[in-house]
Amino acid sequence: MEIQLTRRTFLKTTTLGLTGLTLGCSIGPWPFDRKFSNVTVWLTISEDNWITIMVPKAEMGQGVSTALPMIVAEELEADWTKVTFALRGELGDYSISGAMGVSGITGGSTSISTMFEPLREMGAAAKEMLVTACAQRWQVEPESLTARNSFITHSTMRSITYGALAEEANLLPIPENPQLKDPSAFSIIGQPLDRLDTPDHIEGRSVFGTDVKVPEMLYAAVRQSPVFGGQVAHFDPSIIEGTTAEAILEIPGGVAVVAKSYWEAEKVAQSLEIDFHIPEEMEALSSEDISQQLTQDLSTPGSQVRLIGDPIAAMESAPIKVEALYVVPFLAHAAMEPMTCTAKVTPESCEVWVPTQGARIVQAVTRANTGLDVSSIEVYPTHLGGGFGRKVESDYVTQAVLASKAVGKPVKVIWSRQEDMQHDYYRPAFKAELKGGIGESTGIISWIGKSAGPSLMAGGFFDFMSTAGFSPLPYDVPNMSAHYVESDFGVPIGWWRSIGSSQNVFFVESFVDELAGAAGEDPLTFRGEHLKNNERRLAVLERVAEMANWGQPVVPGAAQGVALALHGASVLAQIAEVSVDSGGEIRVHTVYCALDCGGVVNPDIVEAQIEGAVIFGLTAALYGEITIENGRVRQSNFHDYPLITMIDAPLVKTTIIKSDARPSGVGEIGVPPIAPAVTNAIFAATGHRVRYLPISLYEFS
Amino acid sequence: MKFSINVNRKFYTVDVDPQKPLLWVLREDIGMCGTKYSCGIGICGSCTVFLDGIASPSCTLKVESVGRMKVTTIEGLNSKIGRSVKEAWIEEKVSQCGYCQPGQIMKATYLLSNNSDPSDEDIDETMTNLCRCGTYQRIRSAIKKVATNINL
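### Observations concerning the interface of chain A and chain B
Consideration 1: In this assembly, 47 residues from chain A lie in contact with 43 residues from chain B.
Consideration 2: Of all the elements in the fold, those that place two or more residues in the side of chain A that touches chain B are helix H4 (198-203), helix H5 (262-270), helix H15 (603-622) and strand S28 (651-656) of chain A.
Consideration 3: When grouped by side-chain class, the residues that make up the side of chain A that touches chain B number 22 nonpolar, 15 polar and 10 charged.

So, in structure tokens, the structure goes:
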């Protein structure tokens, strides 16, 4: 890990809303002495007093391009109406170390929680430098000056803009211990401010990966082995003769066709006949095989993830015993923007324009494919048309780099929807077996869980990603064990919004409901009885019960189901109100969410994240299923991998519990509890326990 | 083959394969990238444009079929209702990643242009565009806000 040295640079910079160049002041890279020793963010103040705050995290809809600048602007005492942002790759000067290690990834709901303090310090330090510059210019005491709304005002009411002071401020030493504001004085942090990126989105001006334009750019369409693990055996390059394609080249596991238009390239790609070497074991692989293998894996001991007390002895003594098996399928990310990347490779350098969650990974694969030094590689992040974990991967980057290298011109790779659906890194299929013992009026006395599925950290000592949400339990249970069996089917798997919790919270929260039923108790009261030692979780559960008027659904004939999820330091409880009509049709009317995520930078963005996560998770719960036949994915587009549309979208109501704790993440926590909240409601409505997802596999009548 | 097509009240002459879909002509030949590619089979709505005022997918429409129809894209959506829809999108804080939103805005403008007071059912029926970020309830609120303003 490199430690950044302090330096200050003048920058010629163009700021939004201006034409031409203005001389601005750049502050940073920024040294942080605390646990984030090399957080670096650039701040530019133009002469006309616009402040541009660099955002070194991927903007994929979660709102970092507004929330991160809000943190800086608060301490800087900036005029929010004249703040804008610029996206930067989390690389070099913008490297961040912290909760995500040195990976430089936007993921794990960590952007706010890892950057909150560093960005406050940065804003405060920049403000102090501006005040000092003003004091020196006017020959007054700094204490006689007030910074507010991007102006500095003297006690005599004389005032000056930040922009007019930026150059002088930039010559000053960076204060080591800038004075932070008392949170009670916050006027930007905590406000539901409009997002900075919306005005461009609604005019079609935002530049997503697919929208990048580079002079002389060509386009590439790809065809990858339909069977996982297949390699190109043979293709006839002469196939492009007589077509509009300019080049055809082999890429890892497939072929890229390059043309002056994406549509032309795609048309030629559709007519390609490519022979692939298919791994024998993959040729016959089906979802049925995977299911059987998971069942078999569950019968093996696996590795112990957790042990509390003596669950086996406690189980033997339990008067009530319950067992259940749960199953979840592979899932695709299906971001609205398919995989895309633009690369311009020359013998000396490479530029990459890409919607990515991991600029550092982009840099690394570019280096590997060009042999260039990282100092010759520029990564320009674009807006992401959805990420959800898929755009951490770099398969599409490699393709663009190889294609550009081959043709000597900039190339933009765009995947067709079918390529995107069939060449994802899927949320892994899993099975889990749970056993519970209930004592006489003592609640759960034993919990024994085992899950089996592909590992996200294969070969690792302990796969905390795949077991997140499975262990530890959110509840107090005196005797408990959890085991995990690693399975491998050769199907690519990856990070899918909320990762292991996406399946594990379904297992755990369904089973808690089953235990409550076996104990003859109300599911919400039963949960509360196992949360007596955790005030925050209990408070969230009580709040959601109030919001939903637990036990008294609004819609006649509807039923309610509850579920709880944890992510980082955040706690979320959901209650879904669901009807199942006489024809077995399921309708999710309303989803109530009570969230404790510590302090909040922008409450509206937090609510939007929860609303969106409920829809994302509900889509998976209701219909999401990627199935495998002959080693290939059956689904190809939104007709056979449907997403929720307006007509089936429930109303999501969110309450954020007020907290003085430091902010925690919110991007993922809304996903895991919705499946069990809905299936628990279906049980309450019909007496049918949904143990397999998606729910569309069942017929209720 | 050369085609002259009317996009946002201006004629553009493009020399392309007659089979090339309007979406890619807009994006590659005319340089307007606000209209998005996502499914390519006309079901997700990301590529929605107006053809003579009717909201239609542009990813499945061959350029040779555009003929004299007037094409309106998000970049040229400046009608009174279109502006109101865009403003409501800001007020209701609809957008997340933003990729599908040009298509959603086109579809909502089409709905409100033909029905100034849409019911929930009308909204459900017309607003079939996909949004992976799950902004549906805010889209619904924004449409209702515009309707309220129209009918004041």
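### Quick word on the domain arrangement of chain B
Residue and element names in this part refer to chain B.
Consideration 1: Split by domain assignment, chain B resolves into domain 1 (2-75) and domain 2 (80-150).
Consideration 2: Relative placement of domain 1 and domain 2: their C-alpha centres are 21 Å apart.
Consideration 3: Facing 12 residues of domain 1, the contacting portion of domain 2 comprises 11 residues.
Consideration 4: In terms of residue count, strand S3 (residues 48-51) provides more of the side of domain 1 that touches domain 2 than any other element does, three residues in total.
Consideration 5: Residues of the side of domain 1 that touches domain 2, tallied by class, amount to six nonpolar, five polar and one charged.

### Concerning the domain arrangement of chain A
All names here are of chain A.
Consideration 1: Here chain A is partitioned into domain 1 (9-202), domain 2 (209-278 + 339-414) and domain 3 (288-330 + 426-697).
Consideration 2: Each of domain 2 and domain 3 was reduced to a C-alpha centroid, and the two centroids are 38 Å apart.
Consideration 3: Taken together, the contacts link 10 residues of domain 2 with nine residues of domain 3.

### Quick notes on unusual backbone geometry
All names here are of chain A.
Consideration 1: Cis geometry is adopted by the peptide bond preceding Pro472, which originates at Ser471 and carries an omega value of -5°.
Consideration 2: Along the chain, the position of Pro472 falls in the loop between strand S21 (444-454) and strand S22 (480-487).
Consideration 3: Here the bond from Leu693 into Pro694 is cis, since omega is 0°, no more than 30 degrees from zero.
Consideration 4: Summarising the element assignment, Pro694 is placed in the segment after helix H16 (674-686).
Consideration 5: Positive phi values are uncommon outside glycine, yet Asn49 reaches one of about 75°.
Consideration 6: Turning to its location among the elements, Asn49 is positioned in the loop between strand S3 (43-45) and strand S4 (51-55).
Consideration 7: A count of 20 C-beta atoms within 10 Å places Asn49 in the buried class.
Consideration 8: The phi torsion at Asn630 lies on the positive side, around 50°, for a residue other than glycine.

### Here we look at the environment of Gly31 of chain B
Residue and element names in this part refer to chain B.
Consideration 1: Assignment of secondary structure puts Gly31 in the loop between helix H1 (22-30) and S3.
Consideration 2: Among the residues examined, Gly31 registers 10 C-beta atoms within 10 Å and is labelled exposed.
Consideration 3: When the C-alpha positions of Gly31 and Arg140 are compared, they lie 31 Å apart, and in sequence the two are 109 residues distant.

Each value, and the rule that gives it
- Residues numbered from 1 in each chain as written.
- Chains lettered and ligands numbered in written order.
- Predicted model: local features only at pLDDT ≥ 70, side-chain atom pairs only at ≥ 80, totals over all residues.
- Contact = placed C-beta atoms within 7 Å.
- Helix = DSSP H or I, 4+ residues; strand = E, 2+ residues; numbered from the N terminus.
- Nonpolar A, V, L, I, M, F, W, Y, C, P; charged D, E, K, R; others polar.
- Domains from an automatic or database assignment.
- Buried ≥ 20, exposed ≤ 12 C-beta atoms within 10 Å, placed from the backbone.

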